[in-house]
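As a plain string of letters, each chain reads:
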Amino acid sequence: MPYTTPKRVMCPFCGSRNTGKYVYGLPGPELFEVADKPNPAIIIGGCCIELSPRGMVDPSRHCHACNRDFGRPSKATYKEKGTLDSYLPCVEGANRIEFEVGGYDGPTYAIRLTPQNIRLIASPITGSAGLKYGVEGIDGAIDKTVPFTTRSFRAVARRLFNKFFLADWKREYLDSDILDGEQWQLTVHFDKASGPLKISGSNVYPPYYRPLLSYLRKFFHNNGLPFVGDDFFA
């Protein structure tokens, strides 16, 4: 049976789809044939797998365009700058996920997901309405909380870390030449970690930002709320 070539996923660093998947262990002849090509979709990762107390830490993908590895396993991933001495228990340890986006000339949206419920905010004010401050008393604001489940919450965490490669995102995306515009922040809190994983941006976005918005939009739409890109104030 011929080996199925894996999909070339988008690189979270540069956005290129000229990527390959690492295969670890002892490869067979078919894998060697696929890997022995320019910019291969399959990359021989070797037989020796690097382990930590929480499991494998070797990357799952490589970008041929920017020559960087990505796709650390969800059970053990680097907390900061590729260091191996501090891990975040990404999927299994996540207990709260928050996302906010707002701008100088537009509304603010926020979502907070836990294994128990989802809080959704759509506010007509500019700047950060904020999960931290709430939107009580703001004219025209929509603030809705709906039930959620642990299983569904884990599915969201798996999507962020395994499909959008969240652990490989920079911690800040900033255009210092623009004072206003749009600001956003994504925060993941954990049961056992030194602190949350915070990723923020101001008028600059990582390659997986649009897929992230598309994924979060369904939580708003399924509950009858507007989200980024909708005609909220028509």
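The structure we're discussing is the one just above.
Just so it is clear, the structure is predicted and the values come from calculations on it, not from any experiment.

(A) Structural view of the overall build of the chain. Counting its regular elements, the chain contains four helices and 15 strands. Expressed as a percentage of the 234 residues in the chain, the buried residues total 45%. Here the analysis covers contacts within the chain between residues at least 6 apart in sequence; of these, 54% occur between residues at least 24 apart. Put simply, the chain shows about 12400 Å² of open surface, and 50% of that area lies on carbon and sulfur atoms.

(B) Local environment of the side chain of Ser16. Residue position: Ser16 is located in the segment before β1 (19-24). When near neighbours in sequence (up to four residues on either side) are disregarded, Ser16 contacts Val9, Met10, Cys11, Cys63 and Ala65.

(C) Representation of the sheet that holds strand β9 (residues 94-103). If you trace the seven strands from one edge of the open sheet to the other, you get β12-β11-β10-β9-β14-β15-β13, paired in mixed fashion. Of all strands in the sheet, those with a lone pairing partner are β12 (142-147) and β13 (172-174), marking the two edges. Strand-to-strand twist in this sheet, taken as the mean axis angle between neighbours without regard to direction, amounts to 5°. In terms of strand pairing, β9 meets strand β14 (residues 182-190) through nine bridges, oriented antiparallel. When the sheet's bridge partners are listed, Gly102 is paired in β14 with Gln183. Its contacts with the sheet place helix α3 (residues 150-163) against β9, β10 (106-113), β14 and β15 (197-202), and it is angled at close to 65° to β9. On top of the sheet, helix α4 (residues 209-221) reaches β9, β10, β11 (117-123) and β14; it is set at about 75° to β10, its chief contact.

The rules behind the values
- Residues numbered from 1 in each chain as written.
- Predicted model: local features only at pLDDT ≥ 70, side-chain atom pairs only at ≥ 80, totals over all residues.
- Heavy atoms only, no water.
- Helix = DSSP H or I, 4+ residues; strand = E, 2+ residues; numbered from the N terminus.
- Buried < 20%, exposed > 50% of the residue type's maximum accessible area, 1.4 Å probe, protein only.
- Contact = heavy atoms within 4.5 Å.
- Areas by Shrake-Rupley, 256 points an atom, 1.4 Å probe, with all protein chains shown as cover.
- Pairing = 2+ DSSP bridges.
- Axes fitted to C-alpha atoms, helices over the stretch in contact; angles between N-to-C directions.

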